[in-house]
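If you want the building blocks of each chain, they are given just below.
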Amino acid sequence: MNKRGLYNRLEGIAARLDRIAELTGRSIAWLTLGMVLITFTVVVLRYGLQIGSIALQESVNYLHAIVFMLGAAYTLKHDSHVRVDIFYQKASPRARAWTNLLGTLFLLFPTCGFIFASSLDYVASSWAIQEGSRETGGLDGVFLLKTIIPVMALLLLLQGSSLVLRSALLIAGHEPATADAATADREP
């Protein structure tokens, strides 16, 4: 396989990894609508009808946690995480690619690996007792919510892998197929 073929293959792998984050992000975005509707219902029930529901209140917290944890890879894909842009935004695309590559390899990957490894016992313990809410009338799915922690780490590792591939390709001189495909070459 020639160099161009290898670059195209690696770009294809990065594109498939990007699709995972894109699909996850677009899917969970709908949960924010659910959060709004449930919050509205809680307010109407509480203040309009003097009816409280712990389960409804907890469901908003669950949805909020799911959106943030499963949306992290989508946010990374779209280069929307908060960071100090003083030097990054003025850097050349190649310098940004180096920053993304090194930051992913030395910061994102170790952090995600730590979160994944350290959460496994925590999640397994929760599953072992089928952990539920501490509140009477609350949701009985705390163990399911905790499962999102290692899933978040895996999704970030996958999206980080795409970022590494795209950054390495840009550093090697391979131009992306589309301007939107290269997170390392995006204008802020």
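Residues numbered from 1 in each chain as written. Predicted model: local features only at pLDDT ≥ 70, side-chain atom pairs only at ≥ 80, totals over all residues. Heavy atoms only, no water.

What follows deals with helix α1 (residues 3-49). An α-helix turns once per 3.6 residues; consequently, residues spaced three or four apart project the same way. Here α1 contains 47 residues, and its C-alpha end-to-end distance of 68 Å stays within 8% of the 69 Å for a straight helix at 1.5 Å per residue. Following α1 by one or two positions, Q50 has its phi on the positive side, about 55 degrees. (Helix = DSSP H or I, 4+ residues; strand = E, 2+ residues; numbered from the N terminus. Expected span 1.5 Å × (residues − 1).)

Attention shifts here to unusual backbone geometry. Despite not being glycine, Q50 has its phi angle at roughly 55 degrees, a positive value. In this structure, Q50 sits in the loop between α1 and α2 (54-70). A residue is classified by how much of its surface remains accessible, and Q50, at 64% relative accessible area, is exposed. (Buried < 20%, exposed > 50% of the residue type's maximum accessible area, 1.4 Å probe, protein only.)

Okay, the nonpolar core next. With 19 residues, the main nonpolar core has I66, L70 and L156 as its most contacted residues. Elements represented by at least two residues in this core include exactly α1, α2, α3 (72-77), α4 (93-128) and α5 (142-171). By residue number, the principal contributor to this core is α5, which donates eight residues. Counting residues in each nonpolar core, the second largest holds five residues, with A97, L101, L170 and I171 among its members. (Core = buried A, V, L, I, M, F, W, Y, C linked by side-chain atoms within 4.5 Å.)

Attention now goes to the packing of α2 against α5. Each pair of packed helices can be described by the angle between their axes along with the distance between the axes. Where α2 meets α5, the axes come as close as 9 Å, and the angle between the chain directions of the two elements is 15 degrees. In terms of orientation, α2 and α5 fall into the roughly parallel class. Pair α2 / α5 crosses with left-handed handedness. Mapping the contact onto sequence places Y62, A65, I66, M69 and L70 in α2 and V142, L145, I148, I149, V151, M152 and L155 in α5. Its residues assigned to classes, the contact of α2 with α5 shows twelve nonpolar, no polar and no charged. (Axes fitted to C-alpha atoms, helices over the stretch in contact; angles between N-to-C directions. Parallel < 35°, antiparallel > 145°, perpendicular 65-115°, else oblique. Left-handed = near helix turned anticlockwise from the far one by under 90°. Contact = heavy atoms within 4.5 Å. Nonpolar A, V, L, I, M, F, W, Y, C, P; charged D, E, K, R; others polar.)

The pLDDT averaged across the chain works out to 89; a share of 91% of its residues lies at or above 70. Counted against residues more than four places away or in other chains, residues 179-188, with its pLDDT under 50, gives 28 contacts. (pLDDT = per-residue confidence, 0-100.)

This part is about the packing of aromatic side chains. For the structure shown, the criterion picks out one aromatic pair. When the centroid spacing of 4.7 Å and the interplanar angle of 80 degrees are considered together, the rings of W127 and F143 count as edge-to-face. Residue W127 is located in helix α4, and its partner F143 is located in helix α5; the two are separated by 16 residues in the primary sequence. Overall, the relative accessible area of 37% leaves W127 in the partly exposed class. (Phe/Tyr/Trp six-rings, centres within 6.5 Å; stacked < 30°, edge-to-face > 60°.)

This part is about the pattern of salt bridges. Following the criterion strictly, the structure yields four salt bridges and no others. One salt bridge connects K77 with E22, and the closest N-O pair in it is separated by 3.1 Å. You can see K77 sitting in helix α3 and its partner E22 sitting in helix α1, a full 55 residues away along the chain. Pair check on accessibility: K77 and E22 agree, each one buried. A cluster of three or more residues bridged by salt bridges with shared partners is formed by E22, R26 and K77. (Salt bridge = Lys/Arg side-chain N within 4 Å of Asp/Glu carboxyl O.)

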